[in-house]
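Understanding the architecture of this molecule
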Amino acid sequence: MKKLKENIYWVGANDWEVRYFHGYELSTHRGSTYNAFLIKDDKNVLIDTVWEPLTENFLERLKEVVDIKEIDYVVINHAEPDHSGALPVIMEYCPSATIIASKNGQESIKRHYHKEWNVKVVKTGDKINIGKNDMIFIEAPMLHWPDSMFTYLTGENILFSNDAFGQHFASSDIFNDEVDETEVYQEALKYYANILTPFSKLVLKKIDELKKLNVPVDMIAPSHGIIWRENPMRIVEKYYEWASGKSDNSVVIFYNSMWGATKKMAEHIGDGLDEVGVSYKIYNVATADKNDVITEIFKSKGVICGSSTVNNGILSSLTPVLEEMQGLKFTNKIGASFGSYGWSGESPKVLEEFLKKAKVEIIQENIKFKYVPNENELQECIDFGKSFGDKLLSEN
Ligand code: FEO
């Protein structure tokens, strides 16, 4: 039995196996957890549930600490199925329990489950007394769904933040001071880069709002992964930094290559960056994990992208990354493109168009060579990297 504090229990489920989320869109190399919490006060309160396939696991854990029939409130901070999937079963046990959700949450629950449950709608600042303590609600629309909200428990000073501040990280331990924090921060960053980036302005506003509330925070308990108990505000500061759009003076070179000529160009461009003191990483997107590449692009100021020309265009394995960059609305990035070709040679131009759509500023003319670059042309690739690196450094 895992406790956050006296009479506050973790009743969630570890998903050791999951390797993809949102269908097959997001990789989860370290598994995940669906965190749910049971508060025993004068009222019994369940905060969130779990994904439906793990319902049995969740019920077993819940039954260890409460008679499920005795649950008074079920707070649904966010109705995405990974957190509300076990709600129908819970409501069979305690049909007269009150579900608490935001206005958008009420609609979301209705559209997912089509049931006539008793839903109490709350808005920011609303308070519900549960005995010794109160629950205070803070709407967080678009972080990352319209229905998202946080629940703050007074007295115990716990912020139940749902997806915000979470990470896909399965673990037998539940607190950040019990695990390797490097791994946890890497997963938190990946989560932010791949899911929350489009909403960065709202993240900044929400954090400012939270700070103004000036309430003590002993713990931040998200709905995925580890609970922030030691120095809980550090992840909030990290979110502020990530949301501000600042990035490292580094470059991600991503490419795909049919016979190795574009790869050779990528490596020589990298040599040029290195010569002027700019760090870089190279990914062949045909074999690299898309979400890991996106995380690296999020961190880096520069993006250089290459493809062989095929069928008057680019190799199709590049498109998912370029599409993601567009949707995630990265800011303050600079870029350029390159590639080898046999006859028509459109790929660098096509890549530039993709980068522009992703709001990447193209800072230098693309470079392309017919079939296999010779020694002089490889030197031009090195110079291309040097020039890109110099421009990147001069922008700061
Ligand atoms: Fe973890 Fe937005 O669900």
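Overview of the structure. Just so it is clear, the model here is predicted, and its values are computed rather than measured.

Okay, the pattern of salt bridges next. Scanning the model with the defined rule gives 22 salt bridges in all. Between Lys349 and Glu352 there is a salt bridge whose closest N-O contact spans 3.1 Å. On the criterion of helical spacing, the pair formed by Lys349 and Glu352 is a turn pair, its members being 3 residues apart in helix H11 (residues 347-357). Glu352 sits in the buried class, given a relative accessible area of 5%. Linked through salt bridges whose partners overlap, the residues forming this network are Lys5, Glu156 and Asp218.

This brings us to the packing of aromatic side chains. The full count for this structure, using the stated rule, is 13 aromatic pairs. Considering the side-chain rings of Tyr192 and Tyr239, the 5.0 Å spacing of their centres and the 80° angle between planes classify their relative orientation as edge-to-face. Residue Tyr192 is located in helix H5 (residues 181-196), and its partner Tyr239 is located in helix H7 (residues 233-243); the two are separated by 47 residues in the primary sequence. The exposure class of Tyr239 is buried, given its relative accessible area of 2%. Cluster of aromatic residues (ring-pair linked, three or more members): Phe150, Phe165, Tyr192, Tyr239, Trp242, Phe298 and Phe330. When the ring centre of Phe354 is taken as reference, the NZ or CZ atom of Lys357 above it lies at 5.8 Å.

What follows concerns unusual backbone geometry. The residue after Leu143, namely His144, is reached through a cis peptide bond having omega 10°. Among the secondary structure elements, His144 is positioned in the loop between strand E13 (134-139) and strand E14 (149-153). Its identity is not glycine, yet Asn157 carries a phi of approximately 55°, on the positive side. Relative to the helices and strands, Asn157 resides in the loop between E14 and strand E15 (158-162). Given the relative accessible area of 13%, Asn157 is considered buried. Phi is positive for Asn311, close to 50°, though the residue is something other than glycine. By the element assignment, Asn311 lies in the loop between strand E19 (300-307) and helix H10 (319-328). A relative accessible area of 73% places Asn311 in the exposed class.

Next up on the list: empty space enclosed by the protein. Per the stated rule, a full pass over the model turns up 3 cavities of 30 Å³ or more. The calculated volume of the largest cavity comes to roughly 70 Å³. In this structure, the largest cavity is lined by Leu143, Phe150, Ala164, Phe165, Leu196, Val203, Lys206, Ile207, Leu210 and Tyr239. Counting residues per element, the lining of the largest cavity draws most heavily on helix H6 (residues 200-213), which supplies 4 residues. Along the lines of polarity and charge, the residues of the lining of the largest cavity split into 9 nonpolar, no polar and 1 charged. Of the voids in this model, the second largest cavity is the one considered here, and its volume is about 50 Å³.

A few words on the layout of surface pockets. For the largest pocket, the calculated volume is near 330 Å³. What lines the largest pocket is a set of 18 residues, and nearest its centre among them are Met258, Thr309, Tyr341, Gly342 and Tyr371. Those elements giving two or more residues to the lining of the largest pocket turn out to be helix H8 (261-275) and strand E20 (334-341). Within the lining of the largest pocket, the residues separate by chemical class into 8 nonpolar, 10 polar and no charged.

In this structure, Thr98 sits in strand E10 (residues 98-101). Engagement of the side chain of Thr98 in a polar contact is seen with the side chain of Asn118, the distance being 3.3 Å. When sequence neighbours within four positions are dropped, the list of residues in contact with Thr98 reads Asp72, Tyr73, Val74, Asn118 and Lys120.

Next up on the list: the sheet that holds strand E12 (residues 127-129). The strand order E12-E13-E14-E15-E16 describes an open sheet built from 5 strands, whose pairing is mixed. The open sheet is flanked by E12 and strand E16 (219-222), the only strands paired with a single partner. For this sheet, the mean angle separating the axes of adjacent strands, direction not counted, is 20°. Across 5 bridges, the pairing between E13 and E14 is antiparallel.

Now for helix H9 (residues 290-299). Here H9 lies mainly inside the structure; 7 of its 10 residues are buried. Where H9 begins, one side-chain oxygen reaches toward the backbone nitrogen of Asn291, 2.9 Å away; that side chain belongs to Asp289.

What follows deals with the nonpolar core. With 88 residues, the main nonpolar core has Phe254 and Met325 as its most contacted residues. Residue contributions to this core peak at 9 residues, all from H5. Contacts of Met325, omitting those with residues within four sequence positions, involve Phe254, Ile294, Ile297, Val303, Phe330, Leu355, Ala358 and Val360. Counting residues in each nonpolar core, the second largest holds 24 residues, with Leu4, Ile8, Ile130 and Ile174 among its members.

How each quantity is defined
- Residues numbered from 1 in each chain as written.
- Predicted model: local features only at pLDDT ≥ 70, side-chain atom pairs only at ≥ 80, totals over all residues.
- Heavy atoms only, no water.
- Salt bridge = Lys/Arg side-chain N within 4 Å of Asp/Glu carboxyl O.
- Helix = DSSP H or I, 4+ residues; strand = E, 2+ residues; numbered from the N terminus.
- Buried < 20%, exposed > 50% of the residue type's maximum accessible area, 1.4 Å probe, protein only.
- Phe/Tyr/Trp six-rings, centres within 6.5 Å; stacked < 30°, edge-to-face > 60°.
- Lys NZ or Arg CZ within 6 Å of the ring centre and 35° of its normal.
- 1 Å grid on protein atoms, 1.4 Å probe; cavity = no way out; pocket = protein on both sides within 12 Å on 5 of 7 lines; lining within 4 Å.
- Points joined across faces, edges and corners; volume = space filled by probe spheres on them.
- Nonpolar A, V, L, I, M, F, W, Y, C, P; charged D, E, K, R; others polar.
- Polar contact = N/O pair within 3.5 Å; in protein donor to acceptor, adjacent residues only side chain to side chain.
- Contact = heavy atoms within 4.5 Å.
- Pairing = 2+ DSSP bridges.
- Axes fitted to C-alpha atoms, helices over the stretch in contact; angles between N-to-C directions.
- Core = buried A, V, L, I, M, F, W, Y, C linked by side-chain atoms within 4.5 Å.

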